[in-house]
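The chain contents come next:
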Amino acid sequence: QVQLVESGGGLVQPGGSLRLSCKASGSFFSLNDMGWYRQAPGTQRELVATITSGGSTNYGDSVKGRFSVSMDNAKTTVFLQMNSLKHEDTAVYYCNAHLAISYRGIWGQGTQVTVSV
């Protein structure tokens, strides 16, 4: 079993910053990619940012220039640095990963990010 455990969510004021982390654990050879999605109440889950094991990144249009995704050297932990946060960034942020070879997808439990005064 492979598990993803997120941390770093919380309450932040508009214009502030937060850093999310997600660590993969369990029995697996390697990961093809890791990333973040988010879902606000009444909306569909949307892409925030992804990064492949080779370092290629992809961002949702609404976060480009404000958020930055990175991965540790072991390629088992993904980080999301969120700057210049806005009210509309409020959502549950889910970590996602795909196993290498099988490309089976895995989801974390989610961490709440609330941007409010």
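A brief report on the enclosed structure follows.

## A short note on the overall build of the chain
Right, on to step 1. Across its full length, the chain carries zero helices and 11 strands.
Right, on to step 2. N-terminal to C-terminal, the α/β element order of the chain is β-β-β-β-β-β-β-β-β-β-β.
Right, on to step 3. Its C-alpha atoms give the chain a radius of gyration of 14 Å, near enough to 13 Å, the size a compact globule of 117 residues would have.
Right, on to step 4. Considering only contacts within the chain whose residues lie at least 6 apart along the sequence, 53% involve residues at least 24 apart.
Right, on to step 5. With the model as given, the accessible surface of the chain reaches about 6200 Å², and the carbon-plus-sulfur share is 48%.

## Here we look at unusual backbone geometry
Right, on to step 1. Positioned with a positive phi, Lys-75 is a non-glycine residue whose angle comes to about 60°.
Right, on to step 2. Tracing the chain through its elements places Lys-75 in the loop between strand S7 (67–71) and strand S8 (77–82).
Right, on to step 3. Despite not being glycine, Tyr-103 has its phi angle at roughly 60°, a positive value.
Right, on to step 4. We classify Tyr-103 as partly exposed; its relative accessible area is 46%.

## Section: the nonpolar core
Right, on to step 1. One finds Met-34, Trp-36, Leu-80, Met-82 and Tyr-93 to be the most contacted residues of the largest nonpolar core, which totals 30 residues.
Right, on to step 2. Of all the secondary-structure elements, those providing two or more residues to this core are strand S1 (2–7), strand S3 (18–26), strand S4 (31–39), strand S5 (46–52), S7, S8, strand S9 (91–99) and strand S11 (111–115).
Right, on to step 3. With five residues, the single largest contributor to this core is S9.

## Quick look at the pairing of S9
Right, on to step 1. Counting buried positions over the nine residues of S9 gives eight, a clear majority of the element.
Right, on to step 2. As paired strands, S4 and S9 are joined by eight bridges and run antiparallel to one another. In the strand pairing of S9, Met-34 is matched with Ala-97.
Right, on to step 3. Strand direction decides the pairing type here: S9 and S11, joined by three bridges, are antiparallel.

## What about the sheet that holds S3?
Right, on to step 1. One open sheet holds the four strands; their spatial order is S1-S3-S8-S7, and the pairing between them is antiparallel. In this open sheet, the two strands that pair with only one neighbour each are S1 and S7. Averaged over all pairs of adjacent strands, the angle between their axes in this sheet comes to 15°, without regard to strand direction.
Right, on to step 2. Pairing of S7 with S8, which is carried by five bridges, proceeds in the antiparallel orientation. Counterpart to Val-69 in the pairing with S8 is Leu-80.

## Side note on the packing of aromatic side chains
Right, on to step 1. The full count for this structure, using the stated rule, is two aromatic pairs.
Right, on to step 2. Between Tyr-37 and Trp-107, the aromatic rings sit 5.3 Å apart at their centres with planes inclined by 70°, giving edge-to-face as the arrangement. Separated by 70 residues along the polypeptide, Tyr-37 in strand S4 and Trp-107 in strand S10 (residues 105–107) bring together distant segments of the chain.
Right, on to step 3. A relative accessible area of 22% places Tyr-37 in the partly exposed class.
Right, on to step 4. Ring centres of Tyr-94 and Trp-107 lie 6.5 Å apart, and the angle between their planes is 90°; on these two criteria the pair is classed as edge-to-face. One end of the pair, Tyr-94, is in strand S9; the other, Trp-107, is in strand S10, and 13 residues separate them in sequence.
Right, on to step 5. We classify Trp-107 as partly exposed; its relative accessible area is 40%.
Right, on to step 6. An aromatic cluster is present here, built from Tyr-37, Tyr-94 and Trp-107 joined pairwise through their rings.
Right, on to step 7. It is Arg-19 that lies over the ring of Phe-79; its NZ or CZ is 4.2 Å from the centre.
Right, on to step 8. Sitting over the face of the ring of Trp-107, Arg-45 holds its NZ or CZ atom 4.6 Å from the ring centroid.

How each quantity is defined
- Residues numbered from 1 in each chain as written.
- Predicted model: local features only at pLDDT ≥ 70, side-chain atom pairs only at ≥ 80, totals over all residues.
- Heavy atoms only, no water.
- Helix = DSSP H or I, 4+ residues; strand = E, 2+ residues; numbered from the N terminus.
- Rg over C-alpha atoms; globule rule 2.2 N^0.38 Å.
- Contact = heavy atoms within 4.5 Å.
- Areas by Shrake-Rupley, 256 points an atom, 1.4 Å probe, with all protein chains shown as cover.
- Buried < 20%, exposed > 50% of the residue type's maximum accessible area, 1.4 Å probe, protein only.
- Core = buried A, V, L, I, M, F, W, Y, C linked by side-chain atoms within 4.5 Å.
- Pairing = 2+ DSSP bridges.
- Axes fitted to C-alpha atoms, helices over the stretch in contact; angles between N-to-C directions.
- Phe/Tyr/Trp six-rings, centres within 6.5 Å; stacked < 30°, edge-to-face > 60°.
- Lys NZ or Arg CZ within 6 Å of the ring centre and 35° of its normal.

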